[in-house]
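Take a look at the letters that make up each chain.
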Amino acid sequence: MEAAVATESLSKLNINGDFASSLPNLHKNLHLLSPQQVELAKMLVEKGQSHLFEHWPEPGVDDGEKKSFFDQVARLNSSYPGGLASYIKIARELLADSKAGKNPFDGFTPSVPTGENLSHGDENFIKFEEAGVREAQNAAFVLVAGGLGERLGYNGIKVALPFETITGTCFLQNYIESVLALQEASYRMTQGGQKKEIPFVIMTSDDTHARTLELLESHSYFGMKPTQVKLLKQEKVACLEDNDAKLALDPQNKFRVQTKPHGHGDVHSLLYSSGLLYEWRDAGLRWVLFFQDTNGLLFKAIPASIGVSVTKGYHVNSLAVPRKAKEAIGGITKLTHTDGRSMVINVEYNQLDPLLRATGFPDGDVNCETGYSPFPGNINQLILELDAYIEELKKTGGGIKEFVNPKYKDASKTSFKSSTRLECMMQDYPKTLPPSARVGFTVMDTWLAYAPVKNNPEDAAKVKGLLVIVNCFSCQFCAI
Ligand code: UTP
């Protein structure tokens, strides 16, 4: 039986007729593999990944490791939309663009999009806040918490850090209690209706999953019903060792592909494949809110922002703060292409200024009469309208346009200092939206909406205004 499978597999794998001579090590071991694993091997060989087998020893040596290798390949293949073949193809294209120094914004002209600027406490703010509290029971909250926090240099999970130092309440407790408070307030405002439970999703990763679950379980989910909380774990993606998108082997284990995080953009495909979006729509929900692991002020800004989404009918509402020109925070920008395409998107600060200069604004990013840049600062908290979100994901499966950021050894750009990988960002979701999509923003005062814990104290000292926030783990009083 095994021999028959191997013979059949061999003929399938006999690419260019010289498989046995060019891949002797894989050839000798084929009988160890299941038919599905042989298919994966064929795909890898076809996609230029023969180097993965060059070191394989004779059958009988490390056979378990060889099978484990394919278990990992199967996981990498199934967790990426379009599989590994698609990952390798996209990687080659993006690496070629990167080598050629291609500007992703070629042909686009930036302009200031329309959105809502709120002043805390005025009539307008109160109107939006009331509308938002009323609507909050129709929202689901999604916390992306799969990040390593390398810049912070903290070994634990960031949601376990204290969000203020008087009680030591951690970020996760603060978030859960805020959602429960909003749930209660929303119900009270619409008395007579059915009391709804606001769904709370946490995206984790291998780096954070077990510790997040343990934090929840050891604190009885901080008062939320365990059934109200769902954890979705993102998978890492394969590392790439050169411009041909050769997959990198793990330096610690030659039978494993090296992997690294793919970025928070994974949240869209995970939500879509989990079926939760349809569940929420059937339960009458209208909004999905995305937020990050360490922003202790956020829930002060959320009700009014939901109010803006409801009142303006936004499909995408990006929360933002006033931003000084050239400040190291991305700007929400409308980009219009010469071919007629347009999108409202976050443009990183180091790309915004040159883009403006190259498109008829010789001074680049400068403050306007308000004393701030007209491009509001993106804080990466998004409110998406559920129906439009589902329609979009039906087309894309939740795949987000990726980027690659290789660190080259020298100016020839032919080799990397260390392996790279494709990455994607949650806020790039609007890139594929049709022109009819209503994409806007809500600007709030920084002291009200934004106090993230990103950098270690030394690096934070270089970022104006962030040192006090980091030193006290974003205590609200220091942030003010
Ligand atoms: P950050 O930009 O703070 O990145 O992520 P990070 O990975 O946590 O920290 P560094 O870059 O290593 O210093 C913003 C949010 O996105 C989540 C983080 O947990 C945080 O809430 N995130 C980031 C993910 O959920 N998955 C990822 O792959 C990356």
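In this convention, every chain numbers its residues from 1, walking through the sequence in written order. Local features in a predicted model are, by the rule used here, given only for residues with pLDDT of at least 70; side-chain atom pairs are given and counted only at 80 or more, and totals for whole chains, interfaces and linings are based on all residues. Side-chain measures here rest on the full set of heavy atoms in the structure, leaving out hydrogens and waters.

Kindly report on the site of the ligand, identifying the contributing residues and their values.
Here, proximity means that at least one heavy atom of the residue falls within 4 Å of the molecule or strand. Close to the ligand lie 17 residues; Val144, Glu150, Arg151, Lys158 and Gln234 are nearest. A distance of 2.6 Å is found between an oxygen atom of the ligand and a backbone nitrogen or oxygen belonging to valine 144. Values of accessible area rely on a 1.4 Å probe in the Shrake-Rupley scheme; residue burial ignores everything except the protein chains shown. Against a free-state accessible area of 570 Å², the protein chains account for coverage of 86% of the ligand. Side-chain classes are defined by residue name, with Ala, Val, Leu, Ile, Met, Phe, Trp, Tyr, Cys and Pro counting as nonpolar, Asp, Glu, Lys and Arg as charged, and the others, Gly among them, as polar. Across the shell around the ligand, the residue classes tally to five nonpolar, seven polar and five charged. Two N or O atoms count as a polar contact when they lie within 3.5 Å, although within protein this holds only if one can serve as hydrogen donor and the other as acceptor, and sequence-adjacent residues are included solely when both atoms are side-chain atoms.

Quick one: what's the story with the packing of helix α7 (residues 123-135) against helix α8 (residues 171-189), residue by residue and with numbers?
Where α7 meets α8, the axes come as close as 7 Å, and the angle between the chain directions of the two elements is 100°. In terms of orientation, α7 lies roughly perpendicular with respect to α8. Only Leu182, Ala185, Ser186 and Met189 of α8 make contact with α7, whose side of the interface consists of Glu130, Val133, Arg134 and Glu135. Split by residue class, the contact of α7 with α8 holds four nonpolar, one polar and three charged. Helix axes are fitted only over the stretch in contact, all axes being lines through C-alpha atoms; the angle between N-to-C directions runs from 0 to 180 degrees. The secondary structure listing takes helices from DSSP runs of H or I that are at least 4 residues long and strands from runs of E that are at least 2 residues long, numbered from the N terminus. The labels follow the angle: roughly parallel below 35 degrees, roughly antiparallel above 145, roughly perpendicular from 65 to 115, and oblique for the rest. Only heavy atoms matter for contacts: two residues are in contact if any of them lie within 4.5 Å across the pair.

A description of the nonpolar core should follow, citing residues and the corresponding values.
As used here, the term nonpolar core means buried Ala, Val, Leu, Ile, Met, Phe, Trp, Tyr and Cys residues forming a set that is joined through side-chain atoms within 4.5 Å. When accessible area is computed with a 1.4 Å probe and restricted to protein chains, residues below 20% of their type maximum are described as buried, those above 50% as exposed, and intermediate ones as partly exposed. Of all hydrophobic cores here, the largest spans 51 residues; its most connected members are Phe141, Leu143, Leu172, Phe200 and Phe299. Discounting chain neighbours no more than four positions away, the residues touching leucine 143 are Val159, Leu172, Tyr175, Phe200, Val201, Ile202, Met203, Phe291, Gln292 and Asp293. Residues Leu30, Leu33, Met43 and Val237 belong to the second largest nonpolar core, which totals 36 residues.

Mind laying out the environment of valine 257, listing which residues take part and the relevant values?
Relative to the elements of secondary structure, valine 257 occurs in strand β8 (residues 253-257). Look at valine 257 and you get buried, because its relative accessible area is 2%. For valine 257, the contacting residues outside a window of four places in its chain are Phe69, Gln72, Leu76, Ala238, Leu247, Ala248, Leu249 and Asp250.

If you had to explain helix α6 (residues 83-99) to someone new, which residues and values would you point to?
Side chains three or four residues apart in an α-helix point the same way, a direct result of the helix having 3.6 residues per turn. By this rule, a helix spans an expected 1.5 Å times one less than how many residues it contains. If you check α6, its first and last C-alpha atoms are 24 Å apart, about what 17 residues at 1.5 Å a residue would give, namely 24 Å. Every buried residue belonging to α6 is among Gly83, Leu84, Tyr87, Ile88, Ala91, Leu94, Leu95 and Ser98, and all of these are buried. Down the axis of α6, the buried side of the element spans an arc of 150°, and every buried residue falls inside it. Glycine 101 lies just past α6 and shows a positive phi near 70°. Summarising the geometry, the arc corresponds to the directions from the helix axis toward the C-beta atoms.

How would you sum up the pairing of strand β1 (residues 108-111)? Please name residues and give values.
Burial of β1 is one-sided: the residues Phe108 and Pro110 facing one way are buried, the residues Thr109 and Ser111 facing the other way are not. Sheet analysis places β1 next to strand β12 (residues 331-337), joined by four bridges and oriented antiparallel. Among the inter-strand pairings, serine 111 is bridged to a residue of β12, identified as lysine 334. Here, a strand pair is defined by DSSP locating no fewer than two bridges between the strands.

By themselves these figures say nothing about function.
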